[in-house]
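Letter by letter, the chains look like this.
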Amino acid sequence: MGPVTAPLRLALAGPAEREQIYRLRHAIYAVELGQHRPTPEGRLTDALDPTNDYLVALNGSTVVGFVSITPPSAGRWSLEKYLDRDRLPIRPGESVFEIRLLTVPGGARGGRMAAVLMAAALHRVRVAGGDRVIGMGRREVLGMYRRAGLRPVGLPVTSGAVHYEVMTASVAELVAAAAGHPGVTAALTAAVWDVAGVPAPTADWCSPEPSTATEPVGTDDGCFHGGAFFAAIGEDFADLDRRHGVVNADVLDAWFPPAPGVLDAVSAHLPWLLHTSPPTGASGLVAAVARAWSVPPAAVLPGAGSSALIYLAFGRWLTAASRVLLPDPSYGEYAHVLERVIGCQVDRYPLHRNDCYDLDAADFVRRAARYDLAVLVNPNSPTGRLVDTAELRTALAELPASTRIWIDETYLRYAQAADATPGLPVAHHLGSVAPFAAASSSVFVVTSLSKAYALSGARVAHLVGPPEAIAELRRWSPPWAVGLPTQVAAVRALEDPDYYQRRWQRTAVLRHRLADGLTALGLDVVPGVANFLLAHLPSSGPTAADLVSRAAAHRVFLRDVTSMGTVLGERAVRVAVKDEDGLARILSVVQTVFTDRETPARRR
Ligand SMILES: Cc1ncc(COP(=O)(O)O)c(C=O)c1O
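Described below are features of the structure shown in this document. Predicted model, so just to flag it, every value in this text is computed and none were measured. Every chain begins its residue count from 1, and numbering advances along the sequence as written. A pLDDT threshold of at least 70 governs which residues receive local features in this predicted model, and a stricter bar of 80 or more applies before side-chain atom pairs are shown or counted, although totals over entire chains, interfaces and linings include all residues. Side-chain measures were taken over the full set of non-hydrogen atoms in the model, leaving aside hydrogen atoms and water.

**Focus: helix α4 (residues 171-179)**
We call a residue buried when its accessible area falls under 20% of the maximum for its residue type, exposed when it is over 50%, and partly exposed in between, using a 1.4 Å probe and counting protein chains only. By the criteria applied, helices consist of DSSP H or I runs no shorter than four residues and strands consist of E runs no shorter than two, each listed in order from the N terminus. V171, L174, V175, A177 and A178 are the residues of α4 that are buried. An end-on view of α4 places all buried positions within 160° of arc, on one side of the element. Of the exposed residues in α4, those oriented more than 90 degrees away from the buried face are A172 and A176. In this description, contact between two residues means that some pair of their heavy atoms is separated by no more than 4.5 Å. For α4, the secondary structure elements touched by its buried residues are α2 (113-127), β5 (132-138), α3 (142-147), β7 (162-170) and α5 (182-190). The arc in question is traced by the directions running from the helix axis to the C-beta atoms.

As structure tokens, then:
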């Protein structure tokens with residue numbers, strides 16, 4: 001099949017187009033992907049075809065792409081061939097449409113045809129009064145579905161040799177996502193629209209319906225980070241004493257306070273620290289980081305949290321045409337900034353529960369060589385699993401200079417302490433990759449001081465990498481990027497390694513206690529090495545969403561991590577390590593939720 005030459009036409013398939021579709025389905029889903037056994041007739045149909053609508057993209061009379069829409073009136077979804085209705089997070093209803101079989105044959109791939117067909121299908125669903133879409137996305141192209149606004153619900157489906165994820169989104173969410181892709185809208189509205197009974201989409205087709213509801217600020221387009229506990233305190237800070245009694249195990253803040261030297265310096269000089277301009281480039285902080293991580297100051301870029309550094313660097317390095325490799329599951333901000341802010345292609349490197357979600361460093365780095373960037377969180381969140389850093393350095397030595405690797409060592413101090421022999425240097429296999437990065441041509445290590453140095457509220461982190469690349473990023477870093485109280489706090493913190501070493505070691509003890517407690521309650525705990533644990537809930541009890549919402553009613557906040565990967569399922573929770581009292585509260589609330597038979601689990 002050749003490239004599209006005539007003006008693209010979007011239409012509903014009639015008998016001639018359907019015949020082409022059935023043959024293309026056979027060529028792609030049976031022969032190319034191995035989902036179905038090839039048939040002697042060379043065509044594939046199924047029981048839903050009589051009730052499905054097929055939207056087709058036509059180049060002349062040739063089908064160059066299609067997508068199927070199953071209306072609610074069909075009474076069932078194709079998905080139900082693979083999963084019992086009871087397992088699906090959505091019930092078939094008046095206004096839920098299934099979108100399936102989004103297909104672009106070989107010659108027309110690589111452009112935005114699939115995105116245009118998705119947008120066309122969304123327009124059709126919206127005009128028909130739909131308020132939600134459900135479907136299965138092939139794992140290899142999840143990035144495209146995510147860019148369109150669909151989200152995996154944690155239900156993988158395997159059909160023949162093909163792996164899918166069940167995905168869903170409300171029509172309002174899809175419309176909001178579409179508004180972020182003007183190129184797709186331009187292609188959609190430039191096409192000849194020939195869909196009977198559906199008015200052609202106009203240039204403002206993805207404007208949201210006017211609404212009088214007041215949305216909370218900043219909740220619709222950001223990455224969800226946990227932090228729900230702040231609702232219990234009040235974001236107007238009217239009564240900060242409300243923080244007492246709240247257990248915020250949904251975020252990974254340290255359970256201990258910053259070192260005494262930090263508190264002394266900040267409290268003794270607070271009025272001056274608040275009204276004085278800080279050193280512009282935080283040179284004192286850079287020097288302290290350089291000493292603590294054994295790297296040259298020229299290799300260090302400080303920032304207001306690692307989030308600021310992620311947005312700064314990725315925004316400079318990547319475009320919508322870039323390709324990035326990301327472990328699955330991993331810290332959600334990475335997928336968010338890559339897919340929803342930059343809009344580039346993200347391929348997942350799946351980690352498996354059977355392997356404790358461990359990652360094979362050599363294989364990951366080998367795969368990374370085909371990408372513009374690969375991201376590795378070590379230890380990973382939400383799994384808490386560590387890649388041996390000596391193995392990682394060996395693998396990185398083979399990396400071509402054209403591939404950047406971004407290693408996030410935010411939780412590495414916890415792993416080092418758990419294993420450390422007092423008085424001896426950190427073992428080689430746990431040493432930071434930062435010195436390697438400083439001497440490399442394309443390896444970068446970001447480290448937040450939020451979690452290990454108890455400075456989450458202060459917002460401070462640093463990036464270490466090749467000095468020339470760091471110098472380029474420094475030009476784009478605003479002056480005074482790190483506030484003065486924060487610069488002082490971070491420098492003082494790095495002056496007291498003994499205090500933190502004791503706290504990190506204590507964290508390991510508390511983490512074991514938390515693991516034992518959760519295991520005794522029937523959870524399957526992944527043996528993590530950081531200041532949190534990932535645990536899978538038993539299949540007979542509540543889902544993670546149920547547990548999290550019921551625990552919140554007791555002011556204990558846990559994190560449902562379903563959305564942090566496509567492989568975690570709906571029963572994975574992440575729990576931060578807290579002090580003894582906090583742990584006791586967490587365990588008692590989890591137990592209460594498990595044994596509370598009065599309120600049945602809320603169905604999602
Ligand atoms: C792996 C990882 N990196 C970075 C961050 C954010 O750190 P910061 O507070 O420095 O923005 C988090 C926060 O949860 C994280 O889990």
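**Some details on the site of the ligand**
In the region of the ligand, the neighbouring residues are G305, S306, S307, Y331, V377, D408, T410, Y411, S448, S450, K451 and R459. Any N or O atom pair separated by 3.5 Å or less is treated as a polar contact, with the protein-specific requirement of one donor-capable and one acceptor-capable atom, and with residues adjacent in sequence counted only for side-chain atom pairs. Within the backbone of S306, a nitrogen or oxygen atom sits 2.6 Å from an oxygen atom of the ligand. Side-chain polar atom of K451 to an oxygen atom of the ligand: 3.3 Å apart, as the coordinates give it. Broken down by secondary-structure element, the contributors of at least two residues to the shell around the ligand are α10 (306-317) and α16 (449-452). Here the shell around the ligand is built from residues that sort into three nonpolar, six polar and three charged. For each residue, the test is whether any non-hydrogen atom lies within 4 Å of the molecule or strand; if one does, the residue is near. Note on residue categories: nonpolar means Ala, Val, Leu, Ile, Met, Phe, Trp, Tyr, Cys or Pro, charged means Asp, Glu, Lys or Arg, and polar means any other residue, Gly included.

**So, the pattern of salt bridges**
One speaks of a salt bridge when a side-chain nitrogen belonging to Lys or Arg is within 4 Å of a carboxyl oxygen belonging to Asp or Glu. Summed over the entire model, instances satisfying the criterion amount to 21 salt bridges. Among the ionic pairs, R9 bridges to D194, the shortest N-O distance being 2.7 Å. With a gap of 185 residues between them, R9 in strand β1 (residues 9-12) and D194 in strand β8 (residues 192-194) connect regions that are remote in the sequence. By relative accessible area, which is 40% here, D194 ends up partly exposed. One salt bridge in this structure joins R366 and D363, with 3.6 Å as the shortest N-O distance. Here R366 pairs with D363, and both are found in helix α12 (residues 361-368), just three residues apart, close to one helical turn. Residues joined by salt bridges that share partners form a network here, namely R25, D46, D49, K81 and R100.

**Observations regarding the environment of S68**
By the element assignment, S68 lies in strand β3 (residues 62-70). Given a relative accessible area of 0%, S68 falls into the buried group. C-alpha separation for the pair S68 and A437, spaced 369 residues apart in sequence, amounts to 48 Å. Ignoring anything within four residues of it in the chain, the contact list for S68 reads N52, D53, Y54, E98, I99, R100 and L101. Only 3.1 Å separates the side chain of S68 from the side chain of N52, close enough to count as a polar contact.

**Here we look at the packing of helix α20 (residues 544-552) against helix α21 (residues 580-595)**
Note on method: axes are straight lines fitted to C-alpha atoms, helices fitted across the in-contact stretch only, with angles between N-to-C directions ranging 0 to 180 degrees. Viewed as axis vectors pointing N to C, α20 and α21 meet at an angle of 115°, and their least axial separation amounts to 10 Å. The way α20 lies across α21 gives a crossing that is right-handed. In this structure, α20 contributes L547, R550 and A551 to the contact, and α21 contributes V589, V590, V593 and F594. Within the contact of α20 with α21, the residues separate by chemical class into six nonpolar, no polar and one charged. Crossings are assigned a handedness: left-handed for a near helix turned anticlockwise from the far helix by less than a right angle, right-handed for a clockwise turn.

**Notes on the nonpolar core**
As used here, the term nonpolar core means buried Ala, Val, Leu, Ile, Met, Phe, Trp, Tyr and Cys residues forming a set that is joined through side-chain atoms within 4.5 Å. By size, the foremost hydrophobic cluster in this structure holds 96 residues, and its most contacted members are Y453 and L558. Here this core takes seven residues from helix α19 (residues 497-520), the largest share from any one element. Where a domain begins and ends is set by an automatic assignment or by a domain database. Counting only domains with at least three residues in this core, you end up with domain 2 (229-256 + 499-595) and domain 3 (264-495). Here L558 is in contact with A249, D250, L547, V548, A551, R574, V575, I586 and V590, once residues within four sequence places are set aside. Counting 42 residues, the second largest nonpolar core, distinct from the first, contains L55, A57, I69 and W205.

**Re the sheet that holds strand β15 (residues 443-448)**
In short, DSSP must find at least two bridges between two strands for them to pair. Taken in spatial order, the seven strands line up as β10-β16-β15-β14-β13-β11-β12 in an open sheet, and their pairing is mixed. Each edge of the sheet is formed by a strand with only one pairing partner; in this case those strands are β10 (300-303) and β12 (345-350). Taken pair by pair, the neighbouring strands of this sheet meet at an average axis angle of 20°, ignoring direction. One ladder, built from four bridges, connects β10 with strand β16 (residues 461-464); its direction is antiparallel. Directly across from P302, in β16, lies its bridge partner H462. Running at roughly 170° to strand β14 (residues 404-408), α10 makes contact with β10, β13 (373-377), β14, β15 and β16 of the sheet.

**Details of the environment of G315**
Within the element layout of this structure, G315 appears in helix α10. Excluding its chain neighbours within four sequence positions, the residues that come into contact with G315 are I310 and I342.

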